[in-house]
Amino acid sequence: MVEAGAARRQSTGFLLLYALASAGGAMAYVPFLTIWLPGRMTQLAGTADVQMLGYVTFFGAIAASLGGIGFGWLSDRTGNRRGWVLTGLALTIALLLMVPLAHDIWTLVALIVGWQLTLNMMLGPLAAWAGDCVPDEQKGLLGGLLAFSPALGAWSGWLVTWPGLVSAEQRLVVIALLVASAVLPVLLLGRPRAFPDLTAPPPARASGERPQRPTGPAVRMWLARLLVQIAEAALFAYLYFWFRSIDPGMHDNEKARIFGLALTLAVPIALLSGRWADRNDRPFLPLVASAAVSGIGMIGMAFAAGLDAAKASYLVFGVATTVFLSLHSSQTLRILPRSDRRGRDLGIFNLTNTVPSLIMPWLTISLVPGFGFDALFLLLAGLTGIAVLLLATMPRSHAAA
């Protein structure tokens, strides 16, 4: 006979395969968007490369937002998450391999926008699949495993740029192979245990009853992630320039190593924090703690006078923010109001990943030229402080739901 506690646990094998598939998304976009695309943009656009990269970022963010919501909703309606993930994977790889065939700038922009749509055809239903399969008792563990995604994304970028290992012409082929090897195992071998309560439709509404709307905890979680993501997006985009302002002689490889170190250190911390949250039934406390530490890191960055202090402060920020975002992704699944609209609702949550790319440049342009990076970091620390308050005042009843 299976014990009740064991019956409420998804198999470890499926969780590991799922986490690997989720990392496949990061393997797809991190090396492609941060390494290959800027170089190709310079080849095609010349001195207008920064402006054209801005167009790609803007239209790509819109495509990712619409794709996340639309394909998540379609996977809700069809009830076939696995099929959408597989189709999205195939189209993502196909468009990735077509990108080098673009010999003018606007063809490249069109391909990137299409690629963003197909990538979210894969990622949107994949995110919802976790909500269908992972009980609340393991969502902390799931969040810890999801911390591998940004780390593996960074490591894949390091791999494809290793001198002499992969030629520039072969990089996209290697990226495509990495993505396929990460996502296919869960589609072909994943056999998750079924939990009917996780996929049961909501009770039928009485005549005249209003449709169920997003709950207070869902709104709080959405706003908190948006605020933290604005800070993360700003540091992702301007980390290079900030370190250069501290020490103009700092080598690019050293910047990349610090970025990768932060993502790597976050993995065991997220795993331990997630397991602690599961065992103590305190799903939101690690989110509060990691967001608070992230804000402390930004305050340290604002007042850092030397390179050593700057590196240490960034590591505090980078580790804490990665832990927060990983655990937030899994704990969001417990507060969504409708199981039959899980994919759509996660697409709406995905706006917290894309909207900051539209907000962050204006904050930076408004503050950095006149007041320096320290003013930007203090503002971002204040936004993160608001996120801490939103989560710290979450009703305890929802934490135990």
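Residues numbered from 1 in each chain as written. Predicted model: local features only at pLDDT ≥ 70, side-chain atom pairs only at ≥ 80, totals over all residues. Heavy atoms only, no water.

### Some thoughts on the overall build of the protein
Then, in step 1: A count of helices and strands for the protein gives 17 helices and 0 strands.
Then, in step 2: Computed over its C-alpha atoms, the radius of gyration of the protein comes to 21 Å, within 12% of the 21 Å expected for a compact globule of 401 residues.
Then, in step 3: Structurally, the protein occupies a C-alpha span of about 65 × 45 × 45 Å along its principal axes.
Then, in step 4: A buried classification covers 50% of the 401 residues belonging to the protein.
Then, in step 5: Taking all contacts inside the protein whose residues are at least 6 apart in sequence as the whole, residues at least 24 apart take part in 84%.
Then, in step 6: By element, 67% of the accessible surface of the protein is carried by carbon and sulfur atoms, the whole surface being about 18,000 Å². (Helix = DSSP H or I, 4+ residues; strand = E, 2+ residues; numbered from the N terminus. Rg over C-alpha atoms; globule rule 2.2 N^0.38 Å. Buried < 20%, exposed > 50% of the residue type's maximum accessible area, 1.4 Å probe, protein only. Contact = heavy atoms within 4.5 Å. Areas by Shrake-Rupley, 256 points an atom, 1.4 Å probe, with all protein chains shown as cover.)

### A word on the packing of helix α14 (residues 342-349) against helix α15 (residues 351-371)
In helix packing, the relevant descriptors are the interaxial angle and the interaxial distance, both defined with respect to the helix axes.
Then, in step 1: Two numbers describe how α14 lies on α15: the axes approach to 5 Å, and their chain directions differ by 25°. Judged by the inter-axis angle, α14 sits roughly parallel to α15. Facing G347, I348 and F349 of α14, the residues of α15 in contact are L351, T352 and N353.
Then, in step 2: A breakdown of the residues in the contact of α14 with α15 according to their chemical character gives 3 nonpolar, 3 polar and no charged. (Axes fitted to C-alpha atoms, helices over the stretch in contact; angles between N-to-C directions. Parallel < 35°, antiparallel > 145°, perpendicular 65-115°, else oblique. Nonpolar A, V, L, I, M, F, W, Y, C, P; charged D, E, K, R; others polar.)

### Comments concerning helix α12 (residues 285-303)
Then, in step 1: Between its terminal C-alpha atoms α12 stretches 28 Å, which fits the 27 Å expected from 19 residues at 1.5 Å a residue.
Then, in step 2: Of all the positions in α12, only P286, L287, V288, S290, A291, S294, G295, G297, M298, M301 and A302 are classed as buried. (Expected span 1.5 Å × (residues − 1).)

### Focus: the packing of aromatic side chains
Then, in step 1: Taken as a whole and assessed by the stated rule, the structure comprises 11 aromatic pairs.
Then, in step 2: Ring centres of F14 and W129 lie 5.4 Å apart, and the angle between their planes is 75°; on these two criteria the pair is classed as edge-to-face. On the criterion of sequence distance, the pair formed by F14 in helix α2 (residues 12-45) and W129 in helix α5 (residues 105-133) is long-range, its members being 115 residues apart. Considered together, F14 and W129 belong to a single accessibility category, that of buried residues.
Then, in step 3: On the basis of an interplanar angle of 40° and a centroid distance of 4.9 Å, the ring pair of W242 and F243 is categorised as tilted.
Then, in step 4: Taking the relative accessible area as the measure of exposure, W242 reaches 2% and is therefore buried.
Then, in step 5: For F243, a relative accessible area of 0% puts it in the buried group.
Then, in step 6: Cluster of aromatic residues (ring-pair linked, three or more members): W242, F243, Y314, F317, F373 and F377. (Phe/Tyr/Trp six-rings, centres within 6.5 Å; stacked < 30°, edge-to-face > 60°.)

### What about the confidence of the model for the protein?
Then, in step 1: In the predicted model, the protein carries a mean pLDDT of 86, and the fraction of residues at 70 or more is 92%.
Then, in step 2: The low-confidence segment residues 1-6 (pLDDT under 50) makes 2 contacts with residues lying over four places distant or belonging to another chain. (pLDDT = per-residue confidence, 0-100.)

### With respect to the environment of V166
Then, in step 1: Position of V166 relative to the elements: it lies in the loop between α7 (148-160) and α8 (171-189).
Then, in step 2: Beyond its immediate stretch of four places on either side in the chain, V166 contacts L159, V160, R171 and V174.

### Structural notes on a nonpolar patch on the surface
Then, in step 1: Together, Y55, F58, F59, I62, L66, W106, L117, L358 and I359 make up an exposed nonpolar region whose accessible area comes to about 780 Å².
Then, in step 2: Every element with two or more residues in the nonpolar patch is listed here: α3 (49-78), α5 and α15.
Then, in step 3: Top contributing element to the nonpolar patch by residue count: α3, with 5 residues.
Then, in step 4: Looking at the secondary structure, you find L358 in helix α15.
Then, in step 5: Under the relative-accessibility criterion, L358 is labelled partly exposed at 31%. (Patch = residues over 30% accessible without salt bridge, like charges linked within 9 Å, V, L, I, M, F, W, Y side chains within 5 Å. Salt bridge = Lys/Arg side-chain N within 4 Å of Asp/Glu carboxyl O.)

### Things to note about the nonpolar core
Then, in step 1: Ranked by size, the top nonpolar core spans 111 residues in total, and within it W242, F243, Y314, F377 and L380 carry the most contacts.
Then, in step 2: Once you skip the residues sitting within four places of it in the chain, Y314 turns out to touch L235, L239, W242, F243, I258, F259, A262 and M301. (Core = buried A, V, L, I, M, F, W, Y, C linked by side-chain atoms within 4.5 Å.)

### A word on the packing of α12 against helix α16 (residues 373-392)
Then, in step 1: In the contact formed by α12 and α16, the axes pass within 8 Å of each other and the chain directions differ by 165°. Here α12 lies roughly antiparallel to α16, going by the angle between them. Handedness of the α12/α16 crossing: left-handed. Contacts between α12 and α16 involve L287, V288, A291, A292, S294, G295, M298, I299, M301, A302 and F303 from the first element and D374, F377, L378, L380, A381, T384, V388, L391 and A392 from the second.
Then, in step 2: Tallied by class, residues from the contact of α12 with α16 come to 16 nonpolar, 3 polar and 1 charged. (Left-handed = near helix turned anticlockwise from the far one by under 90°.)

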